[in-house]
Amino acid sequence: MEISRRKFLGTSAAAAAALTFDRSASAATPRISVIDRARVSEPAFQPVVVASANGIRGVARAYDMITRQNADTLDAIIAGVNIQELDPEDQSVGLGGLPNEEGVVQLDASCMHGPTKRAGSVGALEDIATPSLVAKAVMDYTDHIMLVGAGAKKFALEMGFKEQNLLTEKSRRDWLRWKACLNPVDNWLDTRSDSAASPPPTASLSFDDPLHVKFTTGTINMNAVNAAGDMSSVTTTSGLSWKVPGRVGDSPIIGAGQYCDNSVGAAGSTGRGEANIKVCGAFLIVEFMRQGMSPDQACMKTIDRVIAMTERRLLDPAGRPLFDLQFYALHRDGRFGSATAYEGARFSVADASGARLVPMKFKFARSERPQMPEVRCRRA
Ligand code: GLY
């Protein structure tokens, strides 16, 4: 990312003013020149919002709230992820999220508020479309950080959240198809209406199979900094599709699915949560940035750590991961970055240049992505 002239002036002006003050520290009256006085009144930080690719509408909303309405960074990014949570077409979060192996949608979310150093989280929450807001309510209204399962739902209802069926017809049909393709000799038949158009009774297992035959993960992570240098982070998800009931991924784990330290930066993840939890990815990225790495470098170094910590069965013979995992990072100074294992992914950014999708740094070219085996379905 290029540093804009305005930002450079703002940052260097603040540094210059600080130096002037330091040099005069022993004097009775610090000498700050007229020029420095004018410059120190400029905002030292540039507002930026960063998210996963599915957050492209959300970063625009959050940036607008931060810059035009002076909204708190956490309120703004939660409003941003609410767009996806409430969108029935997004099968990775909230309403319409893909269910667990029993056809029940279970949601995870967590958030951190940088300036007040608080955090909230919910895991395996059922029947509430906006787990990000329930996570914030845990943060705001309790002395706890994480609530799960039936307790999380009871708390949400007490807080006034609306109970609703989150399983859309599309997600229910995808779940049935997954069941049909699970075992070619069980009693479930694949009744897809396109069966005549697709003669071979096979379904390819690719990383991003749009028909969701395989397990898929989808999530939205969003991070923001405002003109005062205050930051927040949030991650929300329906988790791994077809998961064992009660499975909780990385999204609600503070330090894995997201992390925010107001003095350094914020980070988060989407993708295979089991791989991320083992390296505390979001925390590690923030720590790498604290040590001086750029957001891109911090994310890529964490991808390296993930691969190093991955069990053999999830790597191909060349040591490349058989799953996807993406990291996103935002430094307090406005620099942002991301990384993933394989070429082709993008992430969302909103700043003074507008909202846009930016290519992610990657470790392996698209051509190096391992092919997945095929599964056979018994068609009706
Ligand atoms: N990253 C989302 C999940 O694994 O549940």
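Within each chain, residue numbers correspond to sequence positions counted from 1 in written order. Per-residue local features are limited, in this predicted model, to residues with pLDDT of at least 70; the limit for side-chain atom pairs, both in listing and counting, is 80 or more; totals at the level of whole chains, interfaces and linings are taken over all residues. Only hydrogens and water are set aside when side-chain values are computed; all heavy atoms of the structure are taken into account.

> I'm lost on the site of the ligand in this one. Help?
Throughout, near means a residue has at least one heavy atom within 4 Å of the molecule or strand. Close to the ligand lie 11 residues; Thr-219, Arg-247, Asp-250, Gly-271 and Gly-273 are nearest. Residues adjacent in sequence count toward polar contacts only when both atoms are side-chain atoms; beyond that, a polar contact is any pair of N or O atoms within 3.5 Å, and within protein one must be able to donate a hydrogen and the other to accept it. In this structure, a nitrogen atom belonging to the ligand sits 3.4 Å away from a side-chain N or O atom of Thr-219. The side chain of Arg-247 places a nitrogen or oxygen atom 2.7 Å from an oxygen atom of the ligand. Protein contact buries 100% of the 200 Å² of open area that the ligand shows by itself. Any residue outside Ala, Val, Leu, Ile, Met, Phe, Trp, Tyr, Cys, Pro, Asp, Glu, Lys and Arg is labelled polar, Gly included; the first ten of those are nonpolar and the last four are charged. A breakdown of the residues in the shell around the ligand according to their chemical character gives 1 nonpolar, 8 polar and 2 charged. Per-residue and other accessible areas were derived by the Shrake-Rupley procedure at a 1.4 Å probe size, with only the shown protein chains allowed to occlude residues.

> What exactly am I supposed to notice about helix 9 (residues 281-290) here?
By the criterion of burial, helix 9 is predominantly enclosed, with 8 of the 10 residues buried. Throughout, exposure labels follow a simple rule: accessible area from a 1.4 Å probe, protein chains only, divided by the maximum for the residue type, with under 20% read as buried, over 50% as exposed, and the rest as partly exposed. Secondary structure is summarised from DSSP: a helix means a run of H or I of at least four residues, a strand means a run of E of at least two, and numbering begins at the N terminus for each. Among all positions in helix 9, only Gly-281, Ala-282, Leu-284, Ile-285, Val-286, Glu-287, Phe-288 and Met-289 are buried. For helix 9, the secondary structure elements touched by its buried residues are strand 8 (258-261), strand 9 (265-271), helix 8 (273-277), helix 10 (295-308) and strand 10 (325-331). Note on contacts: a residue pair is in contact if any heavy atoms of the two residues lie within 4.5 Å.

> I keep staring at the side chain of Asn-223 and nothing clicks. Help me out?
You can see Asn-223 is positioned in strand 6 (residues 219-225). Polar side-chain contacts of Asn-223 include one of 2.9 Å to the side chain of Asn-221. When sequence neighbours within four positions are dropped, the list of residues in contact with Asn-223 reads Val-48, Val-49, Val-50, Ile-77, Ser-232, Ser-233, Ala-266, Ala-267, Gly-268, Tyr-328 and Leu-330.

> What am I meant to see in the side chain of Arg-247 here?
Assignment of secondary structure puts Arg-247 in the loop between strand 7 (231-237) and strand 8. A relative accessible area of 13% means that Arg-247 is categorised as buried. A polar side-chain atom of Arg-247 sits 2.7 Å from a polar atom in the side chain of Glu-274.

> How should I be thinking about the sheet that holds strand 7 in this particular structure?
The pairing of strands in a sheet happens through backbone hydrogen bonds and is either parallel or antiparallel. Pairing between two strands requires that DSSP report at least two bridges joining them. Here we have 8 strands laid out as an open sheet, ordered 4-3-2-7-6-1-12-13, and mixed in their pairing. Pairing within the sheet leaves two strands with one partner each, and these edge strands are strand 4 (146-148) and strand 13 (354-359). Pairs of neighbouring strands in the sheet enclose a mean axial angle of 10°, with direction left out of account. Contacting strand 3 (118-125) and strand 4, helix 6 (residues 149-158) runs over the sheet at an angle of about 105° to strand 4. Geometry is summarised by axes, namely lines fitted to C-alpha atoms with helices restricted to the contacting stretch, and by angles between N-to-C directions that run from 0 to 180 degrees.

> Explain the confidence of the model for the chain here, please?
Parts of the prediction with low pLDDT should not have their coordinates interpreted in detail. The quantity called pLDDT is the predictor's confidence in a given residue, expressed from 0 to 100. Chain-level pLDDT for the chain is 85 on average; 80% of the residues reach the 70-or-more range. Counting contacts from residues 1-35, a segment whose pLDDT is below 50, to residues more than four positions away or on other chains yields 28 contacts. Overall, residues 195-213 carries pLDDT values under 50, and its contacts beyond four positions in sequence, including any with other chains, amount to 46 contacts.

> Please clarify how the sheet that holds strand 11 (residues 336-342) should be interpreted in this entry.
As summarised here, the arrangement of the 5 strands in space is 8-9-10-11-14, forming an open sheet in which the pairing is mixed. Edge positions in the open sheet fall to strand 8 and strand 14 (361-364), since each of these has one partner strand only. Pairwise comparison of adjacent strand axes, ignoring direction, gives a mean angle of 15° for this sheet. Looking at chain direction, strand 8 and strand 9 are connected through 4 bridges and run antiparallel. Within strand 9, the residue paired with Cys-260 across the bridge is Ala-266. Taken strand by strand, helix 9 contacts strand 8, strand 9 and strand 10, and its axis lies near 145° from that of strand 9. On the sheet, helix 10 packs against strand 10, strand 11 and strand 14 and is oriented at approximately 30° with respect to strand 11.

> Looking at this structure, I do not really get the packing of helix 9 against helix 10. What am I missing?
Packed helices, taken two at a time, are described by their axes: the angle between them and the distance between them. At a minimum axis separation of 9 Å, helix 9 and helix 10 run at an interaxial angle of 135°. Taken together, the axis directions place helix 9 and helix 10 in an arrangement best described as oblique. As helix 9 runs across helix 10, the sense of the crossing is right-handed. Together, Gly-281, Leu-284, Ile-285, Phe-288 and Met-289 of helix 9 and Pro-295, Ala-298, Cys-299, Lys-301, Thr-302 and Arg-305 of helix 10 make up the contact between the two elements. Throughout, the term roughly parallel applies to angles under 35 degrees, roughly antiparallel to angles over 145, roughly perpendicular to angles from 65 to 115, and oblique to all others. Throughout, a crossing is termed right-handed when the near helix is turned clockwise from the far one, and left-handed when it is turned anticlockwise from it by less than a right angle.

> Quick question: what am I supposed to make of the nonpolar core here?
As a rule of thumb, soluble globular proteins bury nonpolar side chains together. By convention a nonpolar core is built from buried Ala, Val, Leu, Ile, Met, Phe, Trp, Tyr and Cys residues, the set being connected through side-chain atoms within 4.5 Å. In terms of nonpolar packing, the biggest core is built from 43 residues, with Val-50, Ile-285 and Phe-347 touching the most fellow members. Of all the secondary-structure elements, those providing two or more residues to this core are strand 1 (48-52), strand 8, strand 9, helix 9, helix 10, strand 10, strand 11 and strand 12 (346-351). One finds Ala-79, Cys-111, Ile-220 and Val-234 within the second-largest nonpolar core, a separate group that totals 35 residues.

> What should I look at first to understand the pairing of strand 10 in this one?
Regular strands place side chains that alternate from one sheet face to the opposite one. Strand 10 sits mainly inside the fold: 7 of its 7 residues count as buried. Across the two faces of strand 10 the burial is the same, with Leu-325, Phe-327, Ala-329 and His-331 and Gln-326, Tyr-328 and Leu-330 all buried. The pairing of strand 9 with strand 10 spans 7 bridges and is antiparallel. Within strand 10, the residue paired with Ala-266 across the bridge is Leu-330. For strand 10 and strand 11, the ladder comprises 5 bridges, and the chain directions are antiparallel. Across the sheet, the residue bridging to Gln-326 is Thr-340, located in strand 11. What sits between strand 10 and strand 11 in their antiparallel hairpin is a turn of 4 residues, with Gly-334 showing a positive phi close to 100°.

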